[in-house]
Amino acid sequence: MARKWQRWVPAIAAPAVVAVVVAGGVFAASASADLPEKSPHDVLELAAQSDVQSFSGTVEQSSDLGLPDLSSVPGGVSTGSSGGAGGGSGDSSSAAENDASLASALELLTTDHSARVYADGSDKLRVQILDQLAERDAIRHGDDVWLYDSSDDTAVHTTLPDPSTLGEGEAPAPVPTDIATPGQLAQKFLDAVDPSTEVTLGADTSVAGRSAYDLVLTPRGSETLVGSVSIAVDAETGLPLQVEVLARGASSPAFSIGFTDLSLDAPSGDLFDFTAPEGTTVTEKPFPTRDELQGDGSTDAGGTHPEPVVTGEGWGSIVSLAVGADASELTSSPVMAQLLTPVDGGQALQTALLSVLLTDDGRVLVGAVPVDALEAAAAAAPAVPAPPATAAPAPAE
Amino acid sequence: MSDFAIETAGLTKRFGKQLAVDGVDLAVPEGSVFGFLGPNGSGKTTTIRMLLGLASATAGDIRVLGQAMPRRLANVLPGVGALIEGPGFYPFLSGAANLRRLDAADGFAPAASRAARVDHALERVGLTHAAGKKVRAYSLGMKQRLGIANALLAPRELIVLDEPTNGLDPQGTREVRHLIRSLASEGTTVFVSSHLLAEIEQMCTHAAVMSGGRLVAQGTLDELRLAGQTRARVLVPAADASRATRILTDLGLPPEPEPAPATPGTQPGGAGLGATSGTRGSANGPLPTPEGHFALPGEGAGGAGVGESVLSAVLPESVAREDVVAALVAGGVRVRGFAVQQASLEDLFVALTGEGFDVVQ
Amino acid sequence: MSSDTPPARIAPAAAGVEAAAPDTHGGAPDLLGRRSRRALGWGFFASELSVLFRRRRTWAMLAALAAIPILIAVAIRVTDGGDGRGPAFLDRITQNGLFVGMTALVVSIPLFLPLTVGVVAGDSIAGEANTGTLRYLLVSPVGRIRLLVVKYAAAAVFCLTATVTVSLAGILIGIALFPVGPVTLLSGDSVSVGESLLRSLLIAVYVTLGLVGLSAIGLFISTLTDAPVGAMAATVVISIVSQVLGQLSQTEWLHPWLFSYYWLDFADLLRQPIEWSSFGGNALLQLGYVAVFGALAYGRFASKDVLS
Ligand SMILES: Nc1ncnc2c1ncn2[C@@H]1O[C@H](COP(=O)(O)OP(=O)(O)O)[C@@H](O)[C@H]1O
Ligand SMILES: [Mg+2]
């Protein structure tokens, strides 16, 4: 009989070995290296002085914003190709296209992605969003910017007007900004560090196999939805490797973006040589002027325009802008209809980190605060003449 | 090293609540042709499966070719050829391809001689002409022959054949018998199971009898025959019948009613079977009649004549047959006929395994 | 296995009971040149493959798989395809015939490939039990572990054959019906016909890898029963269940552990540069499945009573 049960030893051992290997992998990944002591200020300095310009890596983005599943909404799926209309239609880009681009922007923001990022210097960047059986690419090579979507085989080509006049944050403007590198996102938070933020250091951590300091930004006030933002700063280069945003009271991140794999070698040069493949529908799009940005809705915005009205300060600030007739267009789209819930004086969208209020009088209010704070703000500052502007959402964009 | 090709001690197999094999102590001498006899469901196949390591024993020890099974299975089995509970082949392959396949499975069989050995085995069972035919197109008897050919693929020390003549025509049965004899003459031990006594009687040197999972008899055929009951039959005038009955009873041979000729069974029992001692059966024993009875001198074909009766009793070993006649004559009985009937193996088999058509559960 | 002593041979012909002396067990030289060590099993593996590929059923399954790309290509050719409603790949076939094979793989991965693999893997042990050959293989003696390993290896070979069949049939029919030229990858870059064929081969290897875990499950189920149809059906059902679970957001924590998790990620080999992480992840995951279910199959089969 003893021999009989011995036969099952491998069957018991095999899952055990698998478990040990998996657990070992997890431990190895989370094992924090013994890094030299640093103050939060030192780490801020380290991050600020980071000059990593060339790298290639894989970035995972995941979000748990508490939004409904958009995949069931027509035009809201990842491919976003509602009919062959995709390219070319400049002025006729009506509600349908707005809706499609809104949907794909929301999709990028609210679902999990993995993307590969290749950067070589400040003017060569390629981001590949790895979809199942498809891929969305954004390639910048000098003045040339290409957007390519394999799912509908379309490409958009833009030539930047004059690179020297563009600021750091603006460079990849036509690139969907939400798949920016953890570094770009981290930079926005770090730029916004002010006295309303408490900066501390968490335990040393390891991201993409690299040891990192864990910089934790905690809002001091209680008006915001954001509980804390933790940024993993590479101990060696100061490059932010991971950003995690936690909602107040939550224990797991509502939004996180980070490298799972990183190499600091310069990627191969031909990655940035892109020409639209044969048979692709190519749209030539001039670099958007401010006027065009304004007409193009809110999704492509670069984010440095002064027109929105900002009330409150720090983490609790609320951005408000008048969009006039566009508001009804927004609320009528099926994607928005899924997301919005009626509230006093308008319709609102509440996520774990961010709230949006569309008032009946044609204003959009956005902030990392609860919806009732937006309602109060809307009531406090009644309709002002609509300034021609686009939104620049607060830190957690 | 033992001189037994197969030896088991207390071999037991339990299927759920049912004891399929119950404490079997087999001893199969090397070089013997060993008949493993028992009605359907008596546990023959189950025993063979355990011998060959297909099934594990619930209890008991097994030695095959002198080595413990199933521990030394990989060493033992190459020397054993087997047909177990009918043939099993890939219907979509030819007979020869099936044999090559099974030979390739034997890690010890040399690939170089494979084709020659397959041809030889097919020839021995008379399947040479059907070698290229798909097994799907074989008759049951042909499959059975192919199964036997598989057992003969390599030179073996022990060949185990489970009901080898199932589905064979009389010609095939004869050939199998012949084949077994020739294997035995080469020194191979043959262990052959059957539910047919006649088969065993014709080709075996030794036999064991299974009944309801138990081994009820084992030995050489002669030993088994001796283990059967010997009967004495006396033909007397009807007038002397009661006196004769008394005398016989005094001698320890209480007469019983004659069993019907068609069912020559005796009482079940038979403790001490397999014993090796005992007197030889009468050399001048009477010849069996077509009905299976032993005719008495003066007895007609229809049995006792008018005014005569036949008394029949079990003859204990302790009583010499001549004493019986002497006592009867001394008692004034007019003995018209006297015969001693050596039990046939069939009697023994029926006695051991019970009659009836029901499979023993 | 514990000893290398060759099995004893019979005494010379005509030897009687007495002549079959005990010392013949000692391993006297063998007249027929019997091997003194068990062969590694390549001969048996070859025999297993020949049994597998001599069955009409195997050829019928491969023919059905080959019919998938042919049907797709002919349908697109006849209807002039490209109305933009099908999966993304379908659109490209009209531009480049080399996409037929990949499209056919996308179509076959969820059901047809698991179906055929389930049939072969589920049949592996139970089928032998059903034909009655299992007991003869075991008393050959084949060795139970050796039998499991060879059966599993043959099932893996079938996985590769099935995948290559789909891919190759697709490439050939694509070349016949559509223009052929440099292939546009998902990233928008183009590669030469030669490299695209190389990538097709890589994809076939990837898809094969994805199926070996299922084969191990099938092998295990096959040791549980003597009814091959039951084992086949159970294996196919498990592959479907795994994919359904992979679709449910409620079981998201489970997804990376499902053997079907990486199935459609073979497209990572169509990116520039090739994204190897899913290849590695797939290989590791499948290795885990093979280890666990291989061990389970061993545990079951090594101690199983063969009563078929
Ligand atoms: N797989 C099994 N499960 C349960 N009982 C079985 C099995 N195989 C055989 N038996 C039982 O064991 C007994 C002996 O069967 P078997 O050895 O095949 O008999 P024989 O070969 O002498 O005809 C029978 O009563 C049969 O019902
Ligand atoms: Mg039987």
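The structure displayed is predicted, hence computed values, not measured ones.

Draft legend 1. Representation of the overall build of chain A in the model. Summing up its helical and strand segments, chain A has nine helices and 19 strands in all. Taking all 397 residues of chain A together, 43% fall into the buried category. Of all intrachain contacts in chain A linking residues separated by at least 6 positions in sequence, the fraction that spans at least 24 positions is 57%. Carbon together with sulfur atoms contributes 55% to the accessible area of chain A, which is approximately 18,400 Å² in total.

Draft legend 2. Representation of the overall build of chain B in the model. For chain B, the helix and strand inventory stands at eleven helices and 14 strands. Sequence-distant contacts, at least 24 apart, represent 73% of the contacts inside chain B between residues at least 6 apart. When the accessible surface of chain B is summed, it comes to about 15,000 Å², and 54% of that surface belongs to carbon and sulfur atoms.

Draft legend 3. Layout of the domain arrangement of chain A. Residue and element names in this part refer to chain A. Domain parsing of chain A yields domain 1 (40-71 + 111-284) and domain 2 (290-380). In this complex, domain 1 contributes 23 residues to the contact, which on the side of domain 2 involves 19 residues. When the two sides are added together, the surface that domain 1 and domain 2 hide from each other amounts to roughly 1,600 Å², 71% of it contributed by carbon and sulfur. It is Leu65, Glu223 and Leu225 in domain 1 that bury the most area against domain 2; as a group they hold 33% of the surface buried on that side. Run the count over domain 1 and domain 2 and you get zero salt bridges. Counting every contact that joins domain 1 to domain 2 gives three residue pairs in polar contact (both at pLDDT 80 or more). Elements that contribute at least two residues to the side of domain 1 that touches domain 2 include exactly strand E10 (226-234) and strand E11 (240-247).

Draft legend 4. Here's a closer look at the sheet that holds strand E7 (residues 80-83) of chain B. Residues and elements named next belong to chain B. Taken together, six strands build an open sheet; the order of strands is E7-E8-E9-E4-E10-E11 and the sheet is mixed. Each having just a single partner strand, E7 and strand E11 (214-220) make up the two edges of the open sheet. Taken pair by pair, the neighbouring strands of this sheet meet at an average axis angle of 15 degrees, ignoring direction. Strand direction decides the pairing type here: strand E8 (residues 158-162) and strand E9 (residues 189-194), joined by five bridges, are parallel. Its bridge partner lying in E9, Leu161 is registered against Val192. Sitting on the sheet, helix H1 (residues 44-51) touches strand E4 (33-37), E8, E9 and strand E10 (206-211), and the angle it makes with E9 is about 150 degrees.

Draft legend 5. Representation of the pairing of strand E12 (residues 255-263) of chain A. Both strand E1 (residues 55-63) of chain A and E12 of chain A contribute to a ladder of eight bridges, which runs antiparallel. Note that in E12 of chain A the partner of Val59 of chain A across the bridge is Phe259 of chain A.

Draft legend 6. Spotlight on the packing of aromatic side chains. Overall, the coordinates contain 17 aromatic pairs over all chains when judged by the stated rule. Ring geometry for Phe89 of chain B versus Tyr136 of chain C: centroids 6.3 Å apart, planes at 5 degrees, classification stacked. Here Phe89 of chain B is found in the loop between E7 and helix H3 (95-105), whereas its partner Tyr136 of chain C is found in helix H6 (residues 133-139) on a different chain. Residue Tyr136 of chain C is classed as buried on the basis of its relative accessible area, which comes to 1%.

Draft legend 7. Spotlight on the site of ligand 1. Contacts to ligand 1 come from 13 residues, most closely from Gln18, Gly41, Lys44, Thr45 and Thr46 of chain B. Ligand 1 sits at a junction of chains, with neighbouring residues supplied by chains B and C. Between ligand 1 and Lys44 of chain B there is a distance of 2.8 Å, counted from an oxygen atom to a backbone nitrogen or oxygen. When isolated, ligand 1 has an accessible area of 560 Å², and the protein chains bury 68% of it. Listed by contribution, the elements that provide at least two residues to the shell around ligand 1 are strand E2 (18-24) and H1 of chain B.

Draft legend 8. How the structure looks around the sheet that holds strand E18 (residues 355-359) of chain A. All names here are of chain A. A sheet is described by the order of its strands in space; here six strands give the open sequence E14-E15-E19-E18-E17-E16, paired in antiparallel fashion. Pairing within the sheet leaves two strands with one partner each, and these edge strands are strand E14 (309-311) and strand E16 (341-343). Strand after strand, the sheet turns through a mean of 25 degrees between neighbouring axes, direction not considered. Along the sheet, helix H9 (residues 371-380) makes contact with strand E15 (318-322), E16, strand E17 (346-350), E18 and strand E19 (363-367), crossing E18 at roughly 35 degrees.

Conventions used here
Residues numbered from 1 in each chain as written. Chains lettered and ligands numbered in written order. Predicted model: local features only at pLDDT ≥ 70, side-chain atom pairs only at ≥ 80, totals over all residues. Heavy atoms only, no water. Helix = DSSP H or I, 4+ residues; strand = E, 2+ residues; numbered from the N terminus. Buried < 20%, exposed > 50% of the residue type's maximum accessible area, 1.4 Å probe, protein only. Contact = heavy atoms within 4.5 Å. Areas by Shrake-Rupley, 256 points an atom, 1.4 Å probe, with all protein chains shown as cover. Domains from an automatic or database assignment. Buried area = accessible area lost by both parts, 1.4 Å probe. Salt bridge = Lys/Arg side-chain N within 4 Å of Asp/Glu carboxyl O. Polar contact = N/O pair within 3.5 Å; in protein donor to acceptor, adjacent residues only side chain to side chain. Pairing = 2+ DSSP bridges. Axes fitted to C-alpha atoms, helices over the stretch in contact; angles between N-to-C directions. Phe/Tyr/Trp six-rings, centres within 6.5 Å; stacked < 30°, edge-to-face > 60°. Near = heavy atom within 4 Å.

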